[in-house]
Amino acid sequence: MKNFNKANVREGFLAMLDSMKAVKRTGSENADADVDYRFLPEMSEAEARTYAPLTLAFLGDAVYELAVRTMLVQRGDMRPNELNRRSSLLARAHAQSQAMEKIEPLLDETEADIYRRGRNAKSNTMAKNATVGDYRRATGFEALIGYLYLAGKRERVLELIEIAVNVNGQ
């Protein structure tokens with residue numbers, strides 16, 4: 001197994017994000033043919049705040065999952081079932097809820113507001129094997145990650161994800 005170094009994981013994840021360029025579709029019959037699709041959005045914090053909390057959570061879930069998977073793979077070669085088991089432990093609502101207990105006091109006013117909006121959003125779905133409280137706190141966490149990602153605060157995203165991973169012993 002490779003030597004695990006938090007700095008290497010952070011640098012690797014940031015380098016991966018930096019390498020993602022805009023994809024421009026042209027020449028299609030589609031009305032949106034000349035649109036730039038950005039994997040690394042460039043928007044202000046004010047613009048990022050305008051998104052619905054469940055939209056932010058949708059994006060935050062993917063960003064968190066990608067970061068966790070990247071961290072696990074960079075720790076060294078593991079069997080796929082072990083990678084899946086470890087990532088599932090970190091991505092479940094209860095683990096994210098526990099992480100928020102540690103993270104919440106560290107949030108600034110804007111971040112706390114985004115977290116509250118996500119936590120209090122009414123969702124028609126419920127996570128399997130999670131309490132309502134855990135599910136709502138996890139949704140708030142994911143909304144916060146989505147907001148920070150859209151606002152271009154990658155270092156802060158990684159800081160909070162590293163806290164979440166450490167709280168859950170991975």
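Before reading on, note that the structure itself is shown above.
Note that this is a predicted model, so its numbers are computed, not measured.

For the rest of this paragraph, the subject is the overall build of the protein. Within the protein, the secondary structure is distributed over eight helices and two strands. Secondary structure of the protein in N-to-C order comes out as α-β-β-α-α-α-α-α-α-α. For the protein, with 170 residues in total, the buried portion stands at 39%. Counting only contacts in the protein whose residues sit at least 6 apart along the sequence, the fraction spanning at least 24 positions is 68%. Carbon and sulfur atoms make up 50% of the accessible area of the protein, which totals about 9,800 Å².

It is worth spelling out the environment of Gly118 at this point. Turning to its location among the elements, Gly118 is positioned in helix α6 (residues 109–120). Judged by its relative accessible area of 0%, Gly118 falls in the buried class. Spatially, the C-alpha atoms of Gly118 and Phe141 are 7.4 Å apart, while their sequence positions differ by 23 residues. Apart from the residues within four sequence positions on either side, Gly118 is in contact with Pro53, Arg136, Thr139, Gly140 and Ala143.

What counts and what doesn't
Residues numbered from 1 in each chain as written. Predicted model: local features only at pLDDT ≥ 70, side-chain atom pairs only at ≥ 80, totals over all residues. Heavy atoms only, no water. Helix = DSSP H or I, 4+ residues; strand = E, 2+ residues; numbered from the N terminus. Buried < 20%, exposed > 50% of the residue type's maximum accessible area, 1.4 Å probe, protein only. Contact = heavy atoms within 4.5 Å. Areas by Shrake-Rupley, 256 points an atom, 1.4 Å probe, with all protein chains shown as cover.

Just distances and angles here, no functional claims.
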